[in-house]
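Tertiary structure, described
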Amino acid sequence: MPFRPSHRQLEYLVMLGETGHFGEAAKRCNVSQPTLSVQVSLLEKQLGVTLIDRMPGRVAPTPVGQDIINAAKIILNGLDEITVLASSSKGNLGGAMRLGVAPSFGPYFLPHLLPKLHSQYPDLKLYIREDRPRLLEKAVLQGETDCGLGPIPFDEDDFVSEQICRERIYLAVPREHPLAKLDSVPMAALKGARMLTLGPGHRLMDEVRKLADMSGAILALEYEGSSLDAIRQMVSIEMGISLFPELYVRTEFAKDEGIKVLPVTDWQGTRDIGFFWRRSSARGSHFQALAKLASQIADQLFARSMP
């Protein structure tokens, strides 16, 4: 049988990669520093590669070491999933879940989801992490997060996803802008307009770029917003126009008198929102149950008339 690293060796290696220090890694793994050091060295000898560069005062993974650390995180997470499945039933969705949410959707949807989720699964402990979609996708693939909620990833080979809604994307302009006199905006009317956008890693930025390219609008590259709230405030003081997803519009724009929200008539701007997880995850039934409940809530939210 070929050599296989032990889960303990992988735990030591992952922690060493995270801390960059043998002593701190050993402390977090509740072992002595010599024990951790010997096991990592043994792993390197057994694999025949150098995993860790040892430098005065600090250590860092080699390129192959980082690749193995990334793979080890997935393996260790799989072992955790086995424990979850063995110790709990579908009745509480595994007892604990690390959920990553996109900031352009999660904060406006979770207040509707969480009370019903807690009522239906009172023993479920939900640990929520908010981050840009591309970073969430990476965290899910590397086993740092169990499941993501946000724009469905483009690469379906690595993920399983369950769509819960399709959001329309709207144009927002200042009340004093010439376009605010219209009930809907033809794409050609955007030529030369200054469009604000979120920064890299946000899928919504891709939609702004697409519309700017198609319409001849000018993308304001000197400033990229950190949140939809920041972009909305900039639109309200006439620094530009921008795009906003439907749930955000329904939730936040009723509070803002200085902005008008409009559809773009000849542009089918939408985005598909759902839960997504690693194809290799053993907890698919848990995530599907979560998506089913969320889909019911989304149907109710989007059935209401726009503000």
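About the cut-offs
- Residues numbered from 1 in each chain as written.
- Predicted model: local features only at pLDDT ≥ 70, side-chain atom pairs only at ≥ 80, totals over all residues.
- Heavy atoms only, no water.
- Axes fitted to C-alpha atoms, helices over the stretch in contact; angles between N-to-C directions.
- Helix = DSSP H or I, 4+ residues; strand = E, 2+ residues; numbered from the N terminus.
- Parallel < 35°, antiparallel > 145°, perpendicular 65-115°, else oblique.
- Contact = heavy atoms within 4.5 Å.
- Nonpolar A, V, L, I, M, F, W, Y, C, P; charged D, E, K, R; others polar.
- Buried < 20%, exposed > 50% of the residue type's maximum accessible area, 1.4 Å probe, protein only.
- Polar contact = N/O pair within 3.5 Å; in protein donor to acceptor, adjacent residues only side chain to side chain.
- Expected span 1.5 Å × (residues − 1).
- Core = buried A, V, L, I, M, F, W, Y, C linked by side-chain atoms within 4.5 Å.
- Patch = residues over 30% accessible without salt bridge, like charges linked within 9 Å, V, L, I, M, F, W, Y side chains within 5 Å.
- Areas by Shrake-Rupley, 256 points an atom, 1.4 Å probe, with all protein chains shown as cover.
- Salt bridge = Lys/Arg side-chain N within 4 Å of Asp/Glu carboxyl O.
- Lys, Arg positive; Asp, Glu negative; His and termini not counted.
- Charge placed at Lys NZ, Arg CZ, Asp CG, Glu CD.

Here we look at the packing of helix H1 (residues 7–19) against helix H3 (residues 33–47)
In the contact formed by H1 and H3, the axes pass within 9 Å of each other and the chain directions differ by 105 degrees. With respect to H3, the axis of H1 lies roughly perpendicular. In this structure, H1 contributes Gln9, Tyr12, Leu13 and Leu16 to the contact, and H3 contributes Thr35, Leu36, Gln39, Val40, Leu42, Leu43 and Gln46. Residues belonging to the contact of H1 with H3 are distributed by class as follows: seven nonpolar, four polar and no charged.

Overview of the environment of aspartate 229
Mapped onto the secondary structure, aspartate 229 falls in helix H8 (residues 228–236). Using a relative accessible area of 30% as the deciding quantity, one classes aspartate 229 as partly exposed. Sequence separation between aspartate 229 and leucine 219 is 10 residues; the distance between their C-alpha atoms is 18 Å. If we ignore the near neighbours within four places in the chain, the residues touching aspartate 229 are Tyr108, Tyr248 and Glu252. A polar atom in the side chain of aspartate 229 sits 3.1 Å from the side chain of arginine 232.

Side note on unusual backbone geometry
Its identity is not glycine, yet asparagine 30 carries a phi of approximately 60 degrees, on the positive side. Along the chain, asparagine 30 turns up in the loop between helix H2 (22–29) and H3. Owing to a relative accessible area of 70%, asparagine 30 belongs among the exposed residues under this scheme. The phi dihedral of glutamate 238 is positive, around 65 degrees, even though this residue is not glycine. Its place among the elements puts glutamate 238 in the loop between H8 and strand E9 (242–245).

Some thoughts on helix H7 (residues 203–215)
Look at H7: 19 Å from first C-alpha to last across 13 residues, which is about the 18 Å you get at 1.5 Å a residue. Taken from the residues just after H7, glycine 216 is the one with a positive phi, measuring 90 degrees.

Focus: the nonpolar core
Within the largest apolar cluster, 65 residues are counted, with the highest numbers of intra-cluster contacts made by Phe109, Leu149, Ile164, Leu171, Met195, Phe244 and Phe275. Examining the composition of this core, we find that 10 residues originate from one element, helix H10 (residues 284–303), more than from any other. Among all residues touching phenylalanine 275, those that are not within four sequence positions of it are Leu99, Leu113, Cys147, Gly148, Leu149, Val160, Ser161, Glu162, Ile164, Leu290, Ala291 and Ala294.

Section: a negative patch on the surface
A contiguous patch of negative charge on the surface is contributed by Asp155, Glu156, Asp157 and Asp158. On the secondary structure map, aspartate 157 appears in the loop between strand E5 (147–151) and strand E6 (159–174).

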